[in-house]
Every structure is written in structure tokens, then in C-alpha cells.
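For reference, the chains in residue letters:
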Amino acid sequence: MRELDRYTPIVGKAEIAEIKHLAKNLRGIRVHHINSTKEGGGVAEILNRMVPLMQSLGINATWDTVDGNTRFFDVTKMFHNAMHGQEIKWKPEYADVLLETNLKNEAILNDPADVTVIHDPQPLPLVTFRDKKKRPFWLWRCHIDMSEADYHFWAALRKYVEEFDGSIFHMPNYTKGLGIPQYIVPPSIDPLSDKNKELTPTEINDTVNRLGIDPEKPYVLQVSRFDRFKDPVGVIKAFKMVQKWQDAQLVLAGGGAADDPEGAAVLEEVREVANNDPNIHILDLPPTSHFEINALQRGARVIVQKSLREGFGLVVTEAMWKGKPVVGGATGGITTQIIQNISGFLVHTIEGTAFHIRQLLANQGLAERLGTAAKEFARSNFLLPSHLKAWLLLLETKQHQNEKISFLK
Ligand code: UDP
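Here we summarise the structure given alongside this text. Please read these numbers as outputs of a predicted model, since none were measured by experiment. (Residues numbered from 1 in each chain as written. Predicted model: local features only at pLDDT ≥ 70, side-chain atom pairs only at ≥ 80, totals over all residues. Heavy atoms only, no water.)

1. What to know about the sheet that holds strand E8 (residues 249-254)
Right, so step 1: Pairing is parallel across the open sheet formed by six strands, whose spatial order is E9-E8-E7-E10-E11-E12. Two strands close off the open sheet at either side, each with one partner strand: strand E9 (280-284) and strand E12 (345-347). Looking at each pair of strands side by side, their axes are set apart by 20° on average, direction ignored.
Right, so step 2: Direction of pairing for strand E7 (residues 219-223) relative to strand E10 (residues 302-305): parallel, over a ladder of two bridges. Across the sheet, Val 220 pairs through a bridge with Val 302, a residue of E10.
Right, so step 3: Packing against the sheet, helix H10 (residues 263-274) makes contact with E8 and E9, and its axis sits at approximately 165° to E9. (Pairing = 2+ DSSP bridges. Helix = DSSP H or I, 4+ residues; strand = E, 2+ residues; numbered from the N terminus. Axes fitted to C-alpha atoms, helices over the stretch in contact; angles between N-to-C directions. Contact = heavy atoms within 4.5 Å.)

2. A few points about the pattern of salt bridges
Right, so step 1: Inspection of the entire model under this criterion finds 21 salt bridges.
Right, so step 2: Among the ionic pairs, Glu 18 bridges to Lys 389, the shortest N-O distance being 3.4 Å. Placement of Glu 18 in helix H3 (residues 13-24) and of Lys 389 in helix H16 (residues 384-398) is noted, with a sequence separation of 371 residues between them.
Right, so step 3: Taking the relative accessible area as the measure of exposure, Glu 18 reaches 41% and is therefore partly exposed.
Right, so step 4: By relative accessible area, Lys 389 is classed as buried at 16%.
Right, so step 5: The partner of Glu 310 in a salt bridge is Lys 230, with the nearest N and O atoms 2.9 Å apart. Of the two residues, Glu 310 sits in the loop between E10 and helix H12 (314-321) while Lys 230 sits in the loop between E7 and helix H9 (232-242), which places them 80 residues apart along the sequence. As far as the burial class goes, Glu 310 and Lys 230 line up, both buried.
Right, so step 6: Connected via shared salt-bridge partners are Glu 15, Glu 18 and Lys 389. (Salt bridge = Lys/Arg side-chain N within 4 Å of Asp/Glu carboxyl O. Buried < 20%, exposed > 50% of the residue type's maximum accessible area, 1.4 Å probe, protein only.)

Here it is, written out as C-alpha cells:
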């Protein structure tokens, strides 16, 4: 409980009291989260904090990952990209790879759990091995924008999804026509984690300096895995336009995720386009660099997330919580977070990105106005306590599972 009290100064007493009240009914319930990586990317980021917080409320929450070989992660990355709408030629063997790997991971289900939560497509086929007595209630937590999912890839997953008792999506327009209940729960960031906690100006300066960036010259930052959907090459092109007018630096900070095999190739492309420009810093950071990313975000003048497709875009939330103006690609969850010209700018093109970066570099007052609004918007909607509250409400519905409650269909 004390763990939760630490959030009182950030979200207020009433919110914390409500969460504690909800948790009372759920003490001792076993909630087993399963995804495909412990490090890198938004899902791991959320589970790293959500699981201990659930535990601190007396919920018996655990977290495991499915193991797979390179082929499995190549195939699941294809699934991921195809769910985001990328055109990929379907081969039935992909479904076999998915099923076979999950079969090898069946032991993950050995212990009983009241609620089994499967995150994203990789571990979906585990539901096939469900034992209704040992594991009565299954939820699929989808972190991807499925609205433009490829037909064949989605058909291969859908048969598993329909076996769940419920599904959870970030936003209403990410949902699919499913025969099971669909719930809407946006993700969150933890304001007290190393990634998001307050830092002193000295900590920020020293870290930025240590990473080879000139702390005296303003810099524009994008933090993301080296992934084509994050469009790091587009960010460099936009920055090169800005450089004609402003003396600034660009920092592209990223790293790989254990379940993302494309990172190295994209990093190579990015280095080529940057062409050794001394004002462009490409940082390949280990996945544990939370403090460094925090300092980079806090030291940045402008934060960019020029994604072409996006699940939710937790990096945008992180930047907003730090009171930074964000220039974000008008896609996925970024459009839920950024209110045009109030809490940031939404962009569709490289030129638009360049225009708004330049505008924000030149106009400190505007940058501050947007940053202040962004912070309050993040506080009200996307911090861990409200996310936890949504989870507790959802777990409560488990108690009513036989009533087949459905919010959206
Ligand atoms: N992140 C990180 N190191 C990196 C790149 C990203 O720690 O090199 C973190 C980032 O701070 C954020 C998460 O990974 O918390 C990315 O989540 P997001 O939803 O933005 O994108 P995803 O990677 O899940 O597509």
C-alpha cells in the first residue's frame, strides 16, 4: 500500500483512496501476465511497473515471457508489421511457427492463475492449451493499432483471440469486430520510475554531456527503437531543413528490443543518412538506459516522434509529462495524446515536421505554453495510477464473468 501512497502528491488523495478501495475486493487474486520480452519497447516498460504495483496492493501478479528462436521473432515481427497495415505476403507456415513456439512454451501455464493476460500477438496461441479449471479467465491485451491489419495475418490470429474471455485495446478505433467483449484502457507511464522521475539540472547537464551532446546548444530529440515505422530517416531529413535556419543539434536515441530483429539494419540506414554530421548524435543505448533517456528528454528543447504508424507512443507521454512540446506523427495513439496547437503539433510530412521544429526552436514562449498543457493532459489521463484503476475495474468484471458483460461489440 505504501508504494501507492508515493503517488499522492502527483495524482491527489482521492484517486489513491479510490484505487485502494477497489483493490480490497481483489486481494489474493492471481494475475499472470505473459508477453515476449522483458526489455525494450512499451509493453515491457509498462509491465515492469504495473506488476510490482499490483503486488503491493495484495494482488498475486506475476509476469513471464515466451522464449523463441530467431525465426520466431522474425515471424512475429512480420505479424506486428502486418497488424500495423504493412503489406507483407502471407505464408501459412507463419501460423505454424507461431503455434509451434507457443507449444514449446506450454509449461509457462503450469501454475494456476485466476486471470491470464496475454500481451500482443506473440503468445496468443497459448490460449489453445488453456485448462478451464486451472486458468478460468483469459484476457488479450493488444498494444497495437489493428485498424488496418492485413486480412490474412489477422485471420491467423483471430481464431485465437475469439477464444479469450475479453480483449483490451488502447483506443476505440483500434478495436476489431470480435465476438468477445472489447474493453478500452489506454496505457500509462510511471512518474516515479527512473525514466520519468524529477532530475536536478546538474544531473541532466552531466548526462547530456557524457553522451557527447553540447548542453549549451539546443537539441531536438527523438527516442525510439530503430524501426522504420518510427521514421528516424524522416526525422534527419526534417532536421536538415531546420539546420538552414537554426544552429541546433539532433539526437536520435534508441536501441533494440529483444523481440525486434530489424533494429541493426535500420540503425545502419540512419547512420548513412546522418552522414557524420557533427550536429547529429545517434545513440545506440542499452535497454536499461532509463535514467539517460529521462535526462535526454528533460534537456531537450523540442521532442519529435515522427512515427508513420504507432501503437500508443509512450515516448510521447514521457515527453509530455516532462513539460516538453512534442511534434508527433498524426498516427495511432499520438493523435489521442497531442491536441493540435494546444499540447503539441501533429504532422503528416517531413516538411511539416521541419516547420514545427523550427517554430518551437525560435519561439520559447510557444514551446513553454504547449509543454505546460501537455504535462497536465498527461497527468489527467496517462499516469500509472489511472491505468491501475482501469485494471482493477476490469478485474472486478472477472467476478461477473458468467454475466457476459460487454462494453463494446
Ligand atoms: N525506449 C527505451 N530505449 C530505447 C527506445 C525506447 O527505453 O532505446 C523506451 C521509451 O522510453 C518508451 C518505450 O521504450 O518507454 C517505447 O514505447 P512506445 O510506446 O513509444 O513504442 P514501442 O517501442 O512500444 O513501439
